[in-house]
Amino acid sequence: VWLRLELLLKARRFIDCLDDLLLVENEFASDPETTFASTYLRAQVLRGLGQTAQAIELLKSIVAIRPHYRSAHSLLMEWAEATA
């Protein structure tokens, strides 16, 4: 399931990725890791759609709760530098 979402992201099929992401969130709602993984992926999709400010806010929300989430922190730093 997650691989399919990653492939949709890489293929720049952002709307399809968001649609499938909603299904995954509903299916795996009981797993707390799903929230973080889906938020991280949603941020990447939103940036792909040109909504960088919203994407950065999502990454900030992840890092605020989980400061050691390296992937989110790295992307946040990269995107913040690119927009500065």
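Refer to the structure printed above.
Just so it is clear, the structure is predicted and the values come from calculations on it, not from any experiment.

Enquirer: Would you explain the environment of Glu6 in this entry?
Expert: Along the chain, the position of Glu6 falls in helix α1 (residues 2-10). Classification of Glu6 by relative accessible area gives partly exposed; the value is 34%. Between the C-alpha atom of Glu6 and that of Cys17, which follows or precedes it by 11 residues, the distance is 8.1 Å.

Enquirer: Looking at this model, I keep getting lost on the pattern of salt bridges. Mind explaining?
Expert: As a working rule, side chains carrying opposite charge can pair if their charged atoms are close by. Within this structure, the stated rule accounts for five salt bridges. When the shortest N-O distance is used, the salt bridge between Arg4 and Asp20 registers 2.8 Å. Here the residue Arg4 occupies a position in helix α1, and Asp20 occupies one in helix α2 (residues 14-27), the gap between them amounting to 16 residues. The closest approach of N and O atoms between Asp16 and Arg13, which form a salt bridge, is 2.8 Å.

Enquirer: Which parts of the structure should I look at to understand the packing of aromatic side chains?
Expert: The geometry of two aromatic rings is summed up by the distance between their centres and the angle between their planes. One pass over the full model with this rule turns up two aromatic pairs. Here Phe36 and Tyr69 contribute two aromatic rings whose centre-to-centre distance is 6.4 Å and whose plane-to-plane angle is 40°, an arrangement assigned as tilted. Here Phe36, found in helix α3 (residues 32-48), pairs with Tyr69, found in the loop between α4 (52-65) and α5 (70-83); they are 33 residues apart in sequence, far enough to count as distant. For the residue pair Phe36 and Tyr69, the accessibility class agrees, reading buried in each case. Measuring from ring centre to ring centre gives 5.8 Å for Tyr40 and Tyr69, while their planes differ by 35°; the resulting arrangement is tilted. Residue Tyr40 is located in helix α3, and its partner Tyr69 is located in the loop between α4 and α5; the two are separated by 29 residues in the primary sequence. The residues Tyr40 and Tyr69 share a single accessibility class, namely buried. Members of the aromatic cluster, joined through ring pairs, are Phe36, Tyr40 and Tyr69. Lying across the ring of Phe36, Arg66 places its NZ or CZ 4.0 Å from the centre.

Enquirer: Please clarify how a nonpolar patch on the surface should be interpreted in this entry.
Expert: There is a patch of nonpolar side chains on the surface, built from Val1, Trp2 and Phe28 and spanning about 260 Å² of accessible area. Take Phe28: it is sitting in the loop between α2 and α3. Relative accessible area serves as the criterion here: at 31%, Phe28 is assigned to the partly exposed category.

Enquirer: Any chance you could explain the environment of Leu7 here in plain terms?
Expert: Examined against the element boundaries, Leu7 turns out to sit in helix α1. Taking the C-alpha atoms as reference, Leu7 lies 8.7 Å from Cys17; in sequence the two are 10 residues apart.

Enquirer: I'm lost on the packing of α1 against α3 in this one. Help?
Expert: In a pair of packed helices, the angle between the axes and the distance between the axes together describe the arrangement. Remark: α1 packs on α3, axes separated minimally by 10 Å, with the N-to-C direction vectors making an angle of 15°. The angle between α1 and α3 places the two elements in the roughly parallel class. The two elements α1 and α3 cross, and the hand of that crossing is left-handed. Of α3, the residues touching α1 (which contributes Trp2, Leu5, Glu6 and Leu9) are Thr34, Ala37, Ser38, Leu41, Gln44 and Val45. Its residues assigned to classes, the contact of α1 with α3 comprises six nonpolar, three polar and one charged.

So, how was this worked out
- Residues numbered from 1 in each chain as written.
- Predicted model: local features only at pLDDT ≥ 70, side-chain atom pairs only at ≥ 80, totals over all residues.
- Heavy atoms only, no water.
- Helix = DSSP H or I, 4+ residues; strand = E, 2+ residues; numbered from the N terminus.
- Buried < 20%, exposed > 50% of the residue type's maximum accessible area, 1.4 Å probe, protein only.
- Salt bridge = Lys/Arg side-chain N within 4 Å of Asp/Glu carboxyl O.
- Phe/Tyr/Trp six-rings, centres within 6.5 Å; stacked < 30°, edge-to-face > 60°.
- Lys NZ or Arg CZ within 6 Å of the ring centre and 35° of its normal.
- Patch = residues over 30% accessible without salt bridge, like charges linked within 9 Å, V, L, I, M, F, W, Y side chains within 5 Å.
- Areas by Shrake-Rupley, 256 points an atom, 1.4 Å probe, with all protein chains shown as cover.
- Axes fitted to C-alpha atoms, helices over the stretch in contact; angles between N-to-C directions.
- Parallel < 35°, antiparallel > 145°, perpendicular 65-115°, else oblique.
- Left-handed = near helix turned anticlockwise from the far one by under 90°.
- Contact = heavy atoms within 4.5 Å.
- Nonpolar A, V, L, I, M, F, W, Y, C, P; charged D, E, K, R; others polar.

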